[in-house]
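The chain contents come next:
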Amino acid sequence: MSCWLNDWQWFDFAELGSTNDYAATQSLSFNSSSKMIYSAKMQTKGRGRRGRSWVSPLGNLYFSQLFFSRRTPVELVYITALSIVDAIRFFSSDLPLQIKWPNDILIDGQKVGGILIEKMQNEAYVIGIGINLVSAPQNGVIYPVASLTDYQVKASRKDFIKQYLFAFETNIQKSFDEIITDFLPNAYKLNQEIIINNNNEKVSGKFIGIDEQGFLLLKSKNNIITINTGEILFS
Ligand code: BTN
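Now for a description of the structure that goes with this document. (Residues numbered from 1 in each chain as written. Predicted model: local features only at pLDDT ≥ 70, side-chain atom pairs only at ≥ 80, totals over all residues. Heavy atoms only, no water.)

Pairing in this open sheet of five strands is antiparallel, and the strands run β12-β11-β10-β9-β13 from one edge to the other. For this open sheet the edge positions go to β12 (223-227) and β13 (231-232), each flanked by a neighbour on one side alone. One ladder, built from two bridges, connects strand β9 (residues 193-198) with β13; its direction is antiparallel. Residue Asn-197 lies in a different strand from β13, and its bridge partner there is Glu-231. (Pairing = 2+ DSSP bridges. Helix = DSSP H or I, 4+ residues; strand = E, 2+ residues; numbered from the N terminus.)

Set out below in structure tokens:
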């Protein structure tokens, strides 16, 4: 099935290995002005960050955007995470939503969504998004998980994608300063002690902000350390 959601062309499949892999294949014969969405009702080889799998049963939302952008991957991470939060808030405005740097979407400290951004050739990007609409698979990693249904949020796959795209088109117009300003009130563990894991190397300190490049600032003893990759551990 294919239809238009404003100027995005949306293809919805019954099943794919991974919507990111499908989008990557399509990027090889892709025209720079196109904006595509590929979704699947289920995925058999859903991928998460850091080589993890993303368990993808029927009922949840799995989609990938394929488009061209001059924004950097770091900027797009924040733009995407904020747009997911905006979309969820459209359906329910007072949930305890947070973004766990760089790009996990949490409700009440439990993961409800994840983002996998992959840069293709010629400034094409694939942004893959998984949202636990109705169930909360563990993905083989032990961290707290929840679904939107657990919080009485009822959104169809199509309505969620529509609201997300609306928010994305708004957020991608913003300066990076504005994006970081919007991000900070949503940041998980801001001004608290955190542990960052980067390829099994752990650094701890107080999360004191984000710099103008989008890197996380960690105050550790009397030093401020700039972290450009890794993830905050759940605690
Ligand atoms: C993460 O939190 O580790 C990122 C999860 C990203 C999952 C989505 S589901 C749609 C798209 N296709 C994939 O194979 N992965 C992303």
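Bringing the site of the ligand into the picture now. Residues in contact with the ligand amount to 20 residues; listed here are only the nearest, Ser-18, Gln-43, Arg-47, Arg-49 and Lys-111. Within the contact set of the ligand, an oxygen atom lies 2.6 Å away from a side-chain nitrogen or oxygen of Lys-111. Contact with the protein chains covers 99% of the free accessible surface of the ligand, which is 410 Å². Contributions of two or more residues to the shell around the ligand are made by α1 (19-26), β4 (61-68), β7 (110-119) and β8 (124-131). Among the elements that take part in the shell around the ligand, β7 stands out by supplying four residues, more than any other. (Near = heavy atom within 4 Å. Polar contact = N/O pair within 3.5 Å; in protein donor to acceptor, adjacent residues only side chain to side chain. Areas by Shrake-Rupley, 256 points an atom, 1.4 Å probe, with all protein chains shown as cover.)

Now for the sheet that holds β8. As summarised here, the arrangement of the eight strands in space is β1-β2-β3-β4-β8-β7-β6-β5, forming an open sheet in which the pairing is mixed. Sheet topology places β1 (2-5) and β5 (97-100) at the edges, where each strand pairs with a single neighbour. Pairs of neighbouring strands in the sheet enclose a mean axial angle of 20 degrees, with direction left out of account. Summarising the sheet, strand β2 (residues 8-16) and strand β3 (residues 36-43) pair through seven bridges and their orientation is parallel. If you follow Glu-15 over to β3, its bridge partner there is Met-42. Contacting β1, β2, β3, β4 and β8, helix α3 (residues 157-171) runs over the sheet at an angle of about 35 degrees to β4. (Axes fitted to C-alpha atoms, helices over the stretch in contact; angles between N-to-C directions. Contact = heavy atoms within 4.5 Å.)

Our focus in this paragraph is the packing of aromatic side chains. Two aromatic rings are characterised by how far apart their centres lie and by the angle between their planes. Using the criterion set out here, one finds 16 aromatic pairs in the structure. With a centroid separation of 5.1 Å and an interplanar angle of 70 degrees, the aromatic rings of Tyr-22 and Tyr-38 are classed as edge-to-face. Of this pair, Tyr-22 sits in helix α1 while Tyr-38 sits in strand β3, and the two are 16 residues apart along the sequence. Residue classification places Tyr-22 among the partly exposed positions, given a relative accessible area of 26%. Given a relative accessible area of 4%, Tyr-38 falls into the buried group. Relative to Tyr-164, the ring of Phe-63 has its centre 5.4 Å away and its plane inclined at 70 degrees; by these criteria the two rings are edge-to-face. Residue Phe-63 is found in strand β4, and its partner Tyr-164 is found in helix α3; the two are separated by 101 residues along the sequence. Each of the two residues, Phe-63 as well as Tyr-164, counts as buried. By way of ring pairs, the aromatic residues Trp-8, Phe-63, Phe-67, Tyr-125, Tyr-164 and Phe-168 are connected into one cluster. Positioned above the aromatic ring of Phe-234, the side-chain terminus of Lys-100 is 4.6 Å from the ring centre. (Phe/Tyr/Trp six-rings, centres within 6.5 Å; stacked < 30°, edge-to-face > 60°. Buried < 20%, exposed > 50% of the residue type's maximum accessible area, 1.4 Å probe, protein only. Lys NZ or Arg CZ within 6 Å of the ring centre and 35° of its normal.)

Here the focus is unusual backbone geometry. Residues Trp-101 and Pro-102 are joined by a peptide bond in cis, for which omega reads 0 degrees. With respect to the element layout, Pro-102 can be found in the loop between β5 and β6 (104-107). For Arg-50, which is not glycine, the phi dihedral falls at a positive 55 degrees. Tracing the backbone shows Arg-50 in the loop between β3 and β4. Classification of Arg-50 as partly exposed rests on a relative accessible area of 33%. Backbone geometry at Lys-221 places phi at a positive 55 degrees, although glycine is not the residue there.

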